[in-house]
Amino acid sequence: MPEKENPSVPAQDRRERSHFHCNTHSPESGHPPSPVTRPPPESRYEMFLKVQLPWNVIIPAASLESNGLMLQRCMILRILDDFASKKASKHFGYYMAVTTLDSIGEGKVRNSTGDVLFPVLFSGIAFKIFRGEIIEGVIHKVLKHGVFLRCGPIENIYLSKIKMPDYRYVPGEDPEFMNDKLSKIKKDVIVRAIVLGTKWLEAEREFQALVSLDGDYLGPVS
Amino acid sequence: MSGEEEENAAELKIGDEFLKAKCLMNCEVALILEHKYEQLQQTSEDPLNQVSQVFEKSLQYVKRFSRYKNPDAVRQVREVLSRYQLAEFELCVLGNLCPETAEEAMAMVPSITTKGRFQDDYAIDKMLNDLSMIKKFE
């Protein structure tokens, strides 16, 4: 089945809602300026990889209750929210899911607001692609000069016409690329390709990649 | 970018740190994310609100690209592949792409022939055969 954007997922608007990012500018906190400045050595990445991240969670004074369970719940909800809104980082790639909350450090009360900041360590799954890696993606846009693929959370993976020399552009209502053996590259087709290079866009918090079909066993997959 | 210029997965040049990384195959990620999604549906009044776009897209992707659906099969795949002294990264690429022949496997993971881990193509074929058996009996 072709992938469809689910319009009911309000993913972007959650980015602004998070109060988390305010704390990164906070002058009085002795914590790292960004939640992921110091990745522990054991946490690494791959296409999909398990990572362990240090993170600072701020719990507003209003949610502080004597009941420890409630505090933990509040913390988890906040991490889930922050994790989703942060979207990605250059080092780890895309943040996908939180799996476990590993440890909670000692909370520090922040003078100005009365909020409490907890340094926590949690595990999650991240996604990143590498140069030289072979990926499989779904084509979602066909242009005259090449096609765009989607692979996991990455939307902008470009396969240029130059990198599939035996394929010719066939214009029409549903444009496609075709080679002499009638193998077709068009919308919703799965293509196996090698990654030529990746680029991190800081402003959009996204990765882009260039791929090629130049190699053995690369091309459309049935 | 200077450090990253050197990186090349084809030659398994991705830094020591990365080689020891705990990598996950698409099918494993699919299991985790699906479980996660179900969990959210149960605990949260508004599950969609807890799911990011990244999560949503990735779930769709891994569902489509998982060669193995059954949790037991997924476990077996890792078990079989981990008998062959593969780096985490190599293991996952093989598990994700499921090449059919030794030649294809070497094209997908060129580093597989290094370090004398496989004596000949036949040894690679045997591993691939083990994988296809899991699929067959899934």
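The structure we're discussing is the one just above.
All figures in this text were calculated on a predicted structure; none of them were measured in a lab. (Residues numbered from 1 in each chain as written. Chains lettered and ligands numbered in written order. Predicted model: local features only at pLDDT ≥ 70, side-chain atom pairs only at ≥ 80, totals over all residues. Heavy atoms only, no water.)

### Here we look at unusual backbone geometry
1) Next: Its identity is not glycine, yet Leu182(A) carries a phi of approximately 65°, on the positive side.
2) Next: For Leu182(A), the position within the fold is in the loop between β10 (176–178) and β11 (184–185).
3) Next: Under the relative-accessibility criterion, Leu182(A) is labelled exposed at 60%.
4) Next: Here the phi dihedral of Cys98(B) falls at roughly 45°; this positive angle occurs in a residue that is not glycine.
5) Next: With respect to the helices and strands, Cys98(B) occurs in the loop between α7 (88–97) and α8 (102–108). (Helix = DSSP H or I, 4+ residues; strand = E, 2+ residues; numbered from the N terminus. Buried < 20%, exposed > 50% of the residue type's maximum accessible area, 1.4 Å probe, protein only.)

### Comments concerning helix α9 (residues 121–136) of chain B
1) Next: Taking 1.5 Å of rise per residue, the 16 residues of α9(B) would be expected to cover 22 Å, and the 22 Å separating its terminal C-alpha atoms lies within 8% of that figure.
2) Next: At its buried positions, α9(B) is contacted by α6 (71–81), α7 and α8 of chain B. (Expected span 1.5 Å × (residues − 1). Contact = heavy atoms within 4.5 Å.)

### Thoughts on the packing of helix α3 (residues 26–43) of chain B against helix α5 (residues 53–65) of chain B
All names here are of chain B.
1) Next: It is the contact of α3 with α5, at a shortest axis distance of 9 Å, that shows an interaxial angle of 130°. What the angle tells us is that α3 and α5 run oblique. Judged by the sense of rotation from one axis to the other, the crossing of α3 with α5 is left-handed. Contacts between α3 and α5 pair Asn26, Val29, Ala30, Leu33, Glu34, Lys36 and Tyr37 from the former with Phe55, Ser58, Leu59, Tyr61, Val62, Lys63 and Phe65 from the latter.
2) Next: Grouping the constituent residues of the contact of α3 with α5 by class yields nine nonpolar, two polar and three charged. (Axes fitted to C-alpha atoms, helices over the stretch in contact; angles between N-to-C directions. Parallel < 35°, antiparallel > 145°, perpendicular 65-115°, else oblique. Left-handed = near helix turned anticlockwise from the far one by under 90°. Nonpolar A, V, L, I, M, F, W, Y, C, P; charged D, E, K, R; others polar.)

### Here we look at the pattern of salt bridges
1) Next: All chains considered together, the criterion is met by 15 salt bridges over all chains.
2) Next: Across the salt bridge formed by Arg205(A) and Glu202(A), the nearest N and O atoms sit 3.4 Å from each other.
3) Next: Glu90(B) is the partner of Arg117(B) in a salt bridge, and the nearest nitrogen-oxygen pair spans 2.7 Å. Residue Arg117(B) is located in the loop between α8 and α9, and its partner Glu90(B) is located in helix α7; the two are separated by 27 residues in the primary sequence. Accessibility assignment for this pair places Arg117(B) and Glu90(B) in one class, buried.
4) Next: Bridged by salt links that share partners, the residues Glu136(A), Arg192(A), Arg67(B) and Glu104(B) form one connected network. (Salt bridge = Lys/Arg side-chain N within 4 Å of Asp/Glu carboxyl O.)

### Some points on the pairing of strand β1 (residues 48–59) of chain A
1) Next: Extensive coverage of β1(A) is indicated by the burial of eleven of its twelve residues.
2) Next: Looking at chain direction, β1(A) and strand β1 (residues 23–24) of chain B are connected through two bridges and run antiparallel. Looking across to β1(B), one finds that Phe48(A) is bridged to Leu24(B).
3) Next: Note that β1(A) and strand β5 (residues 116–127) of chain A share twelve bridges and pair antiparallel. The partner of Lys50(A) across the bridge, within β5(A), is Ile125(A). (Pairing = 2+ DSSP bridges.)

### Concerning the packing of α6(B) against α9(B)
Residue and element names in this part refer to chain B.
1) Next: As a packed pair, α6 and α9 sit with axes 10 Å apart at the nearest point and diverge in direction by 170°. Judged by the inter-axis angle, α6 sits roughly antiparallel to α9. Residues Ala73, Gln76, Val77, Val80 and Leu81 of α6 pack against Met127, Asp130, Leu131 and Ile134 of α9.
2) Next: Here the residues of the contact of α6 with α9 sort into seven nonpolar, one polar and one charged.

### A closer look at the packing of aromatic side chains
1) Next: Counted under the stated rule, the structure contains ten aromatic pairs over all chains.
2) Next: Consider the rings of Tyr84(B) and Phe118(B), whose centres lie 5.7 Å apart with planes at 15°: the pair is stacked. One end of the pair, Tyr84(B), is in the loop between α6 and α7; the other, Phe118(B), is in the loop between α8 and α9, with 34 residues separating them in the sequence. Phe118(B) matches Tyr84(B) in its accessibility class, with the two residues each being buried.
3) Next: Here the aromatic cluster, defined as three or more aromatic residues joined through ring pairs, consists of Trp55(A), Tyr95(A) and Phe122(A).
4) Next: The lysine or arginine in question, Lys141(A), covers the ring of Phe148(A), its NZ or CZ lying 5.8 Å from the ring centre.
5) Next: Over the ring of Tyr68(B) we find Lys135(B); its NZ or CZ atom is 5.8 Å from the centre of that ring. (Phe/Tyr/Trp six-rings, centres within 6.5 Å; stacked < 30°, edge-to-face > 60°. Lys NZ or Arg CZ within 6 Å of the ring centre and 35° of its normal.)

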